[in-house]
Amino acid sequence: MSRRPGHVTSGPYAPPVPRRTVTVTSADGSRIHAEFHGPEQAPAVVLAHGWTCSTAFWAPVVRELADDHKVVVYDQRGHGRSPAVAPAGYSTRALADDLAAVLEATLEADERAVVGGHSMGGMTIMAAADRPELRARAAAALLCSTGFSQLPAESRVFPLRGPAGRRRAHRLLLGSRAPLGPVSPLTKSALKYATMGAASTAEQVEACARIVHGCPPGVRARWGMVLAELELTGEVGRLDVPTAVLAGTADRLTPPVHARRMASVLPDFLGLTELPGRGHMTPVEDPGAVAGRLRELVGDHLKAAGTGAGEPAAGSEVPAQAPHGKQRQKKERTA
């Protein structure tokens, strides 16, 4: 029997066909699948997905942006079409290596981009704070539904009172190798509770469930243990590109306390957007808000510049830092 694809194949949450794809080689030789959407010479946006997800997770945001932006999405190692690696290859250093390699491989010599990350993708950006590739390439950044430390103690999937109990329970959840099984009404209900807001639609839940269930259990567990031990306090304090933060107020995995902590330590903070009633899966639950914030960052921090590069046919396969303004600690609420 053929295996169901790790994403929905029709509707607004189905991934669009990329203009072209490329295999990027990271610092340790790992192969990273990346895709290009939208016009080659448009302003660039590079997006990094989160734990157990894939490029398909960004589908509704890509649809919002691709008419007038060059959008690059890539599969984190072990996810989607990026192969799994040896156990030693799962670390925040590896996340930073992969992002640096993607930026160098997908942007032209003098091209910069707005870089966005969801959950582990936001942690990827923070982990890369000191990388010269990020400093040279990122005009601005958007951190969605993410945190930089103390994830198990702050999560609310298991609503235990004490941080010690929450820490133990969430560490077990993050490190579990138990197969998730087929997508079913029961597993969709569990996923919605853990990761999405109450108002998320059946279509959104189905899209997220198909993606999450498509992640291999071993990969899920290895990255989960990286998240359980996450400590990027120093890195987020050195992320000196202009950075905006976005969070759902009903996020149980990375509650808004993380966003507020980031607001207090980011060197060039551009504001916090809180999405009332949204859960952890903000790019699927409210793609218009996420895409809108990325558009604002492009308009404010990135000048459109032609690259002169050619445009291969759709589906083909081919093997200067922004000035920093005064820190702005405003809070924005988006319905």
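The notes below deal with the structure included here. Just so you know, these numbers come straight off a predicted model, no measurement behind them.

A look at the overall build of the chain
Here is step 1 of the chain: Of regular secondary structure, the chain possesses 13 helices and ten strands.
Here is step 2 of the chain: Classification of the 335 residues of the chain by burial places 57% in the buried group.
Here is step 3 of the chain: Summed over its atoms, the accessible surface of the chain is roughly 13300 Å², and 55% of this surface lies on carbon and sulfur atoms.

Brief notes about the packing of aromatic side chains
Here is step 1 of the chain: Applying the stated criterion across every chain, the model contains two aromatic pairs.
Here is step 2 of the chain: Between the aromatic rings of Phe57 and Trp58, the centroid separation amounts to 6.2 Å while the plane-to-plane angle is 75 degrees, which identifies the pairing as edge-to-face. Accessibility assignment for this pair places Phe57 and Trp58 in one class, buried.
Here is step 3 of the chain: A cation over a ring is seen here: Arg20 above Phe36, with NZ or CZ 3.9 Å from the ring centre.

Regarding the packing of helix α6 (residues 163-175) against helix α9 (residues 217-228)
Here is step 1 of the chain: Axis separation between α6 and α9 bottoms out at 7 Å; the angle between their running directions is 150 degrees. Residues Arg171, Leu174 and Gly175 of α6 touch α9, and the partners they reach there are Arg220, Ala221, Gly224, Met225, Leu227 and Ala228.
Here is step 2 of the chain: In the contact of α6 with α9, the residues fall into five nonpolar, two polar and two charged.

Observations regarding the pattern of salt bridges
Here is step 1 of the chain: Within the structure shown, the criterion is met by 21 salt bridges.
Here is step 2 of the chain: With its nearest N and O atoms 2.8 Å apart, the salt bridge here joins Arg77 to Asp98. Placement of the pair is Arg77 in the loop between β4 (70-74) and α2 (92-106) and Asp98 in helix α2, with a sequence separation of 21 residues.
Here is step 3 of the chain: A relative accessible area of 0% places Asp98 in the buried class.
Here is step 4 of the chain: Salt-bridge contacts for Glu104 lead to Arg137; the nearest nitrogen and oxygen are separated by 2.9 Å. Linking Glu104 in helix α2 with Arg137 in helix α4 (residues 132-137), this pair joins segments that are 33 residues apart in sequence.
Here is step 5 of the chain: In the salt-bridge network here, residues are joined through shared partners; they are Arg19, Arg20, Glu40, Lys70 and Glu111.

A few points about unusual backbone geometry
Here is step 1 of the chain: Positioned with a positive phi, Ser119 is a non-glycine residue whose angle comes to about 55 degrees.
Here is step 2 of the chain: Among the structural elements, Ser119 can be located in the loop between β5 (113-118) and α3 (120-127).
Here is step 3 of the chain: Judged by its relative accessible area of 7%, Ser119 falls in the buried class.
Here is step 4 of the chain: Non-glycine residue Gln150 carries a positive phi angle of around 60 degrees.
Here is step 5 of the chain: Position of Gln150 relative to the elements: it lies in the loop between β6 (138-144) and α5 (151-154).

A few points about the packing of α2 against α3
Here is step 1 of the chain: Following both chains from N to C, one finds α2 and α3 inclined at 85 degrees, their axes separated by 8 Å at the closest point. Relative to α3, the element α2 is oriented roughly perpendicular. Of α3, the residues touching α2 (which contributes Thr92, Leu95, Ala96 and Leu99) are Met120, Thr124, Ile125 and Ala127.

A look at the side chain of Ser30
Here is step 1 of the chain: As for its position among the elements, Ser30 is in the loop between β1 (20-25) and β2 (31-37).
Here is step 2 of the chain: A distance of 3.4 Å separates the side chain of Ser30 from the side chain of Arg77, its partner in a polar contact.
Here is step 3 of the chain: Excluding its chain neighbours within four sequence positions, the residues that come into contact with Ser30 are Val24, Thr25, Arg77 and Val85.

Criteria and thresholds
Throughout this description, residue numbers start from 1 for each chain and increase along the sequence as written. Note on the predicted model: pLDDT of at least 70 is required for a residue's local features to be given, and 80 or more for side-chain atom pairs to be given and counted; whole-chain, interface and lining totals, by contrast, use all residues. Heavy atoms from the whole structure form the basis of all side-chain values; hydrogens and water molecules are not counted. Helix and strand definitions here come from DSSP, where helices need a minimum of 4 consecutive H or I residues and strands a minimum of 2 consecutive E residues; each element is numbered from the N-terminal end. Exposed residues in this analysis have more than 50% of their type's maximum accessible area, buried residues have under 20%, and partly exposed residues fall in between, with area computed by a 1.4 Å probe over protein chains only. We get accessible surface area from the Shrake-Rupley algorithm with a probe of 1.4 Å; when it comes to residues, only the shown protein chains can shield them. Aromatic pairing here means that ring centres of Phe, Tyr or Trp (its six-membered ring) are within 6.5 Å. Orientation follows from the plane angle: under 30 degrees is stacked, over 60 is edge-to-face, and everything else is tilted. Geometrically, a lysine NZ or arginine CZ counts as sitting over a ring once it is within 6 Å of the ring centre and also within 35 degrees of the ring normal. For helices, the fitted line uses only the C-alpha atoms of the stretch in contact; every axis is such a line through C-alpha atoms, and the angle between N-to-C directions lies from 0 to 180 degrees. By definition, residues are in contact when any of their heavy atoms lie within 4.5 Å. As a working rule, the residues Ala, Val, Leu, Ile, Met, Phe, Trp, Tyr, Cys and Pro are called nonpolar, Asp, Glu, Lys and Arg charged, and the rest polar, with Gly in that last group. Should a side-chain nitrogen of Lys or Arg be within 4 Å of a carboxyl oxygen of Asp or Glu, the pair is scored as a salt bridge. Roughly parallel means an angle under 35 degrees; roughly antiparallel, over 145; roughly perpendicular, 65 to 115; everything else is oblique. The term polar contact refers here to a pair of N or O atoms within 3.5 Å; inside protein, the definition further demands a hydrogen-donor-capable atom paired with an acceptor-capable atom, and it admits residues adjacent in sequence only when both atoms are side-chain atoms.

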